[in-house]
Amino acid sequence: DPDDISVTVKAFMTADLPNELIELLEKIVLDSSVFSEHRNLQNLLILTAIKADRTRVMEYINRLDNYDAPDIANIAITNELYEEAFAIFKKFEVNTSAIQVLIDNVKNLDRAYEFAERCNDPAVWSQLGRAQLNENMVKEAIDSFIKADDPSQYMEVVNVAASNNSWEDLVKFLQMARKKARETFIETELVFAYAKTNRLADLEEFISGPNHANITQVADRCFDNKMYEAAKLLYNNVSNYARLAITLVHLGEYQGAVDGARKANSTKTWKEVCFACVNNEEFRLAQMCGLHIVVHADELEELINYYQDRGFFEELISLLEAALGLERAHMGMFTELAILYSKFKPEKMREHLELFWSRVNIPKVLRAAEQAHLWPELVFLYDKYEEYDNAIIAMMNHPTEAWKESQFKDIITKVANIELYYKAIQFYLDFKPLLLNDLLMVLTPRLDHTRAVNFFIKVKQISLVKPYLRSVQKNNNKAINEALNNLLIEEEDYQGLQASIDGYENFDNIMLAQRLEKHELIEFRRIAAYLYKGNNRWKQSVDLCKKDKLFKDAMCYASESRDTGIAEDLIAWFLENQYHECFAASLFQCYDLLRPDVILELAWRHNIMDFAMPYMIQVVREYISKVDKLEQAENVRSEEEQKAEERPIVFAEPQLMLTAGPSNMMPPPQAPSPQPPYGGPAYPGMGGGVPTYGYSM
């Protein structure tokens, strides 16, 4: 009776008698009876065995058929009866659960693989593949997924395969996965896997056909992984010429890289290709790239530094020279080329500056020229930059290299600081003394002549600048006049001194006269007398002439003095020294200053009446002429007075002043003609000229 059996089983269970219960249930279930197929009893038998006698569990599993397999298997797994659980799943063909037990509990992938092969169930292969993937058994896992025809785990497969470098197997998996799912990720990874396995033909065929792969991403990954051949194909496919150019550089295909950079037309690309060509000493191609870089002022410095750091100075200069003719050539290019010339080809710098000085950054090039000690170029730049003071200083500091006469004279006139004039004079005095006068002629308009003359006197070089002194004497400067006069005295050039004194009077006449008075040469003492005469020192002048027996000068100066005493003293001196001819000559030179009675007395006393007679005859003739003129004038005056007395006085009719016209008015009585003064007109000989003499007939 089922109820009795139920009560009995419960009693055994309540009494906790599992072994006795097992024996009871074996008799009921295993022996042929009506309860042999009873599900609950079979379940109870297996569960009791799991709890009380595990050795019997496998027997019961195999002999019994009507029990709740999944539940029993799970309970077996819980009680670590993994083989029994596997047997249950396998017996009831729950393959996925069976292999899961082998994988998770038994942890025997080999048995799991054998089981999968036996059952050949895609779901089983999938589970096995995941397990193998977790154990980094990439090849086996991929084979399992392929057999399962399951691409669902493609992300994990890709990650694990990539980390294990199992690219060949990954290609197989991704080819299978692509047939199932046209995912972008799958196709992208397939392209990369082709690249990693160097299957470039398959890669090219794949990307040339329709696909959903992210080619640019794969290309960048290939580039980063230095798979340049694959990257070349990929970049070319997506027309990414910038990256293609860089890739070709790494492949050593420099000409192709330049062509790619030209298509990309990107400054960054040009730079990378150029630098790569420089590194590999492909200077022709580097120059082609460089021409597209130097036109950008911001990139120029980096390019120049790159060349210079590697010591390629000649190539850099060639590049910049070629770039000067470009339409977009800018100041920076001309400036940097000038600086490079200053460092590495100084002989070409001057020509470059003469052609392009207006297009260079002059302050920057100035510093470079100074650092390179290129003094002529430095002067040239200072001149063009209108820093004339610095140009002159540079030429004076470095005369052997920088000084040029014409250039110096041209620039010195433009300086702002006049003190440089005097430094230039000292410079010429030290280095080019024979050209000093030419310099002074140029400096004349702004030069302080007094200071200049004092300087030359101080350094005792006044004789060196005689041409300068003559050229500026027209300014009638006292210092110049005195310096030139002193120089002429030293040179004993009395004619030049006489001309200087006559032409330019601004000097200390007395001091010069006193100096010349003691000179050993008579011509200079004569000039001293001339100077005294010019300063109205007649007595000193005449005395000096008497001392040097300059009789003619003495007579002239005495005559010009208009002083009777000086003239008579001179005549007396002539007589004392028995210069009778001079006595006679002086009578006529000083004719109007002399008193006839004094002359007559002196002639009589010295018994030289013959020498005085011409003078006395002229005096008599002069006085007779005066008397005759006086008589004539007196006669004329008497006649006029007589005529005036004989004229009748006639009065007109009286009229009022108001009614009388101007024609009726009486003319006013005329005054009598004035009488000529005593002595009449000027007499001959008066006024300093030498009179004619002789008898009047």
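Computed from a predicted structure; not experimentally measured.

Student: Explanation requested: the overall build of the protein in the structure shown.
Tutor: Each helix and strand in the protein was counted, giving 43 helices and 0 strands. Relative to its 697 residues, the protein shows a buried fraction of 43%. Counted over contacts in the protein with a minimum sequence separation of 6, partners at least 24 positions apart contribute 53%. In the structure as shown, the protein presents an accessible area of about 37600 Å², 49% of it carried by carbon and sulfur atoms.

Student: Hey, could you run me through the environment of Y557 in this one?
Tutor: Mapped onto the elements of the fold, Y557 is located in helix α39 (residues 551–561). On the basis of relative accessibility, which here comes to 7%, the residue Y557 falls in the buried class. Beyond its immediate chain neighbours, meaning those up to four positions away, Y557 contacts A529, Y530, K533, W538, S541, V542 and C545.

Student: I tried to follow helix α22 (residues 313–323) on my own but got confused; where do I start?
Tutor: For an α-helix the count is 3.6 residues per turn, leaving residues at separations of three or four pointing the same way. Residues L316, I317, L319, L320 and A323 constitute the buried set of α22. Seen along its axis, α22 keeps its buried residues to an arc of 160 degrees; they face one direction.

Student: Before we go on, may I ask you to explain unusual backbone geometry in this structure?
Tutor: Outside of glycine, negative phi angles account for most residues, and trans bonds account for most peptide bonds. The phi torsion at K226 lies on the positive side, around 60 degrees, for a residue other than glycine. Following the sequence through the fold, K226 ends up in the loop between α15 (215–224) and α16 (228–237). The residue N607 is not glycine, and still its phi comes out positive at about 55 degrees. Of note, N607 is situated in the loop between α42 (596–605) and α43 (609–646). With a relative accessible area of 69%, N607 lands in the exposed category.

Student: Where do I start with the packing of helix α19 (residues 267–279) against helix α20 (residues 283–293) in this structure?
Tutor: Relative placement of two packed helices is described by the angle separating their axes and the distance separating the axes. Viewed as axis vectors pointing N to C, α19 and α20 meet at an angle of 155 degrees, and their least axial separation amounts to 8 Å. In this view, α19 runs roughly antiparallel relative to α20, as classed from their interaxial angle. Like other packed secondary-structure pairs, α19 and α20 cross with a definite hand, here left-handed. Facing W270, K271, V273, C274, C277 and V278 of α19, the residues of α20 in contact are F283, L285, A286, M288, C289, G290, H292 and I293. Residue classes in the contact of α19 with α20 are distributed as 11 nonpolar, 2 polar and 1 charged.

Student: Honestly, the nonpolar core in this entry has me stumped. Any pointers?
Tutor: Side chains of a nonpolar character, in soluble globular proteins, are inclined to be buried together. If you look at the biggest cluster of nonpolar residues, it comprises 178 residues, and the most contacted ones within it are F173, V273, F408 and L469. Counting residues per element, this core draws most heavily on helix α30 (residues 419–431), at 8 residues. Not counting chain neighbours up to four residues away, the residues in contact with L469 comprise V453, I462, I480, A483, L484 and L487.

Student: So what exactly am I meant to see when it comes to the environment of I510 here?
Tutor: Within the secondary structure layout, I510 lies in helix α36 (residues 509–517). Since its relative accessible area comes to 18%, I510 is described here as buried. Considering only alpha carbons, one finds I510 and Y532, 22 residues apart in sequence, at a separation of 7.1 Å. Leaving out residues up to four positions away in the same chain, I510 has contacts with N535 and R537.

Student: Would you mind showing me how to read the pattern of salt bridges here?
Tutor: Summed over the entire model, instances satisfying the criterion amount to 19 salt bridges. Close ionic contact of D220 with R243 constitutes a salt bridge, the shortest N to O distance being 3.7 Å. Taken together, the residues D220 in helix α15 and R243 in helix α17 (residues 241–250) connect sequence positions 23 residues apart. Owing to a relative accessible area of 27%, D220 belongs among the partly exposed residues under this scheme. The exposure class of R243 is partly exposed, given its relative accessible area of 26%. One salt bridge connects R451 with E419, and the closest N-O pair in it is separated by 2.9 Å. Placement of the pair is R451 in helix α32 (residues 449–458) and E419 in helix α30, with a sequence separation of 32 residues. Salt bridges here are not isolated pairs; linked through shared partners, they connect K271, E299 and E302.

Student: I keep staring at α15 and nothing clicks. Help me out?
Tutor: Buried within α15 we find I215, V218, A219, C222 and F223. End-on view of α15: buried residues confined to an arc of 140 degrees, all on one side of the axis. Immediately beyond the C-terminal end of α15, within one or two residues, lies K226, with a positive phi of roughly 60 degrees.

Student: What am I meant to see in the packing of aromatic side chains here?
Tutor: The description of an aromatic ring pair uses the distance of the two centres, along with the angle that the planes make with each other. Using the criterion set out here, one finds 13 aromatic pairs in the structure. Aromatic side chains F283 and F312 sit 4.8 Å apart centroid to centroid with 70 degrees between the ring planes, which places their arrangement in the edge-to-face category. Of this pair, F283 sits in helix α20 while F312 sits in the loop between α21 (297–309) and α22; the two residues are 29 residues apart in sequence, bridging distant segments of the chain. There is no split in this pair, since F283 and F312 are both buried. Here F408 and Y428 contribute two aromatic rings whose centre-to-centre distance is 5.3 Å and whose plane-to-plane angle is 50 degrees, an arrangement assigned as tilted. With F408 in helix α29 (residues 405–412) and Y428 in helix α30, the pair connects residues that are 20 residues apart, well separated along the chain.

Student: For this particular structure, what's the right way to read the state of the cysteines?
Tutor: Simply put, disulfide is the name for a covalent bond between the sulfur atoms of two cysteines. Within the structure shown, the criterion is met by 0 disulfides. Among the cysteines around C274, which has no disulfide bond, C289 carries the closest sulfur, lying 5.5 Å off. Of the residues examined, C274 reaches a relative accessible area of 0% and is grouped as buried.

Cut-offs and rules
- Counting starts from 1 at the beginning of each chain's written sequence and moves along it residue by residue.
- Local features are withheld for residues below a pLDDT of 70 in this predicted model, meaning they are given only at 70 or higher, and side-chain atom pairs are given and counted only at 80 or more; totals for whole chains, interfaces and linings count all residues.
- Hydrogens are left out, water is left out, and the side-chain values use all remaining heavy atoms of the structure.
- Secondary structure counts use DSSP, requiring at least four H or I residues in a row for a helix and at least two E residues in a row for a strand, with both numbered from the N terminus.
- Only protein chains enter the calculation, and the probe is 1.4 Å; a residue is then buried if its accessible area is under 20% of its type maximum, exposed if over 50%, and partly exposed in between.
- Every residue pair with non-hydrogen atoms within 4.5 Å of one another is taken to be in contact.
- The Shrake-Rupley method, run with a 1.4 Å probe, gives the accessible areas here. Residue values count only the displayed protein chains as cover.
- Here the arc refers to the directions that run from the helix axis out to each C-beta atom.
- A fitted line through C-alpha atoms represents every axis, and for helices the fit uses only the stretch in contact; the resulting angles, taken between N-to-C directions, go from 0 to 180 degrees.
- Roughly parallel here means an angle under 35 degrees, roughly antiparallel means over 145, roughly perpendicular means 65 to 115, and every remaining angle is called oblique.
- Take the far helix as the reference: if the near one is turned anticlockwise from it by less than a right angle, the crossing is left-handed, and if turned clockwise, right-handed.
- Three classes are used, and their members are as follows: Ala, Val, Leu, Ile, Met, Phe, Trp, Tyr, Cys and Pro are nonpolar, Asp, Glu, Lys and Arg are charged, and the others, Gly among them, are polar.
- In this text, buried Ala, Val, Leu, Ile, Met, Phe, Trp, Tyr and Cys residues form a nonpolar core when linked through side-chain atoms within 4.5 Å.
- Whenever a carboxyl oxygen of Asp or Glu lies within 4 Å of a side-chain nitrogen of Lys or Arg, that contact is scored as a salt bridge.
- Between 30 and 60 degrees the pair is tilted, below 30 it is stacked and above 60 it is edge-to-face, where a pair is any two Phe, Tyr or Trp rings, Trp via its six-membered ring, whose centres lie within 6.5 Å.
- For this text, the term disulfide refers to a pair of cysteine sulfurs within 2.5 Å.

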